[in-house]
Amino acid sequence: MDKYESLKLKNQLCFPIYLCSKEIQRRYTPFLDEINLTYTQYVVMMYFWEYGSSNVKQIGKALLLDPSTLTPLLKKLETKGYITRTRSEQDERNLIISLTESGEALKDKALDIPVKIGRCLDLNEEEAVTLYQILYKVLMNVEKE
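A closer look at the packing of helix H2 (residues 39-51) against helix H3 (residues 56-63)
- Two elements in contact, H2 and H3, have axes whose closest approach is 11 Å; the angle formed by their N-to-C orientations is 115°. What the angle tells us is that H2 and H3 run roughly perpendicular. Along this stretch, H2 crosses H3, giving a crossing that reads as right-handed. On H3, the residues touching Val43, Val44, Tyr47 and Phe48 of H2 are Gln58, Ile59, Ala62 and Leu63.

Have a look at this one:
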């Protein structure tokens, strides 16, 4: 066996995961362009649609985004009129981020995006559930470190 076998792309788990991530985000682009969001902005908006108001620390923890990524993204969403950022009355260091009416209304425009993406991926329900479970198992193991 070739001593460099472990370095071949075909033997890397990370490579197909990376390619899939890139391809899936590329497939999202035309649908997200229709609602004027990037993929990362869309993920943040889904967080708000599910959980409502939150602070930067909670959002970052849930989405595994560091403040240097999250802060400019939130500013951009605020500029678009989808969220507001206000200082907490209890602790001025804490920013509370909330959806605006426009941000909430965007939810209806985004409603069909998961179905459209599902068609692009061509996985049956069982395959999709299995893939989801495996990916989250990997994420949980990575987070432990």
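Still more ground to cover, so stick around.
Quick notes on the pattern of salt bridges
- What the rule picks out here adds up to 7 salt bridges.
- One salt bridge connects Arg26 with Glu23, and the closest N-O pair in it is separated by 2.5 Å. Residue Arg26 and its partner Glu23 are both found in helix H1 (residues 14-33); the two are separated by 3 residues, about one turn of the helix.
- The partly exposed category is assigned to Glu23, whose relative accessible area is 30%.
- Across the pair Arg85 and Glu78 runs a salt bridge, and its minimum N-O distance is 2.9 Å.
- Here Arg85 falls in the partly exposed class, since its relative accessible area comes to 24%.
- One network of salt bridges, in which partners are shared, links Asp2, Glu5 and Lys8.

So, how was this worked out
- Residues numbered from 1 in each chain as written.
- Predicted model: local features only at pLDDT ≥ 70, side-chain atom pairs only at ≥ 80, totals over all residues.
- Heavy atoms only, no water.
- Axes fitted to C-alpha atoms, helices over the stretch in contact; angles between N-to-C directions.
- Helix = DSSP H or I, 4+ residues; strand = E, 2+ residues; numbered from the N terminus.
- Parallel < 35°, antiparallel > 145°, perpendicular 65-115°, else oblique.
- Left-handed = near helix turned anticlockwise from the far one by under 90°.
- Contact = heavy atoms within 4.5 Å.
- Salt bridge = Lys/Arg side-chain N within 4 Å of Asp/Glu carboxyl O.
- Buried < 20%, exposed > 50% of the residue type's maximum accessible area, 1.4 Å probe, protein only.

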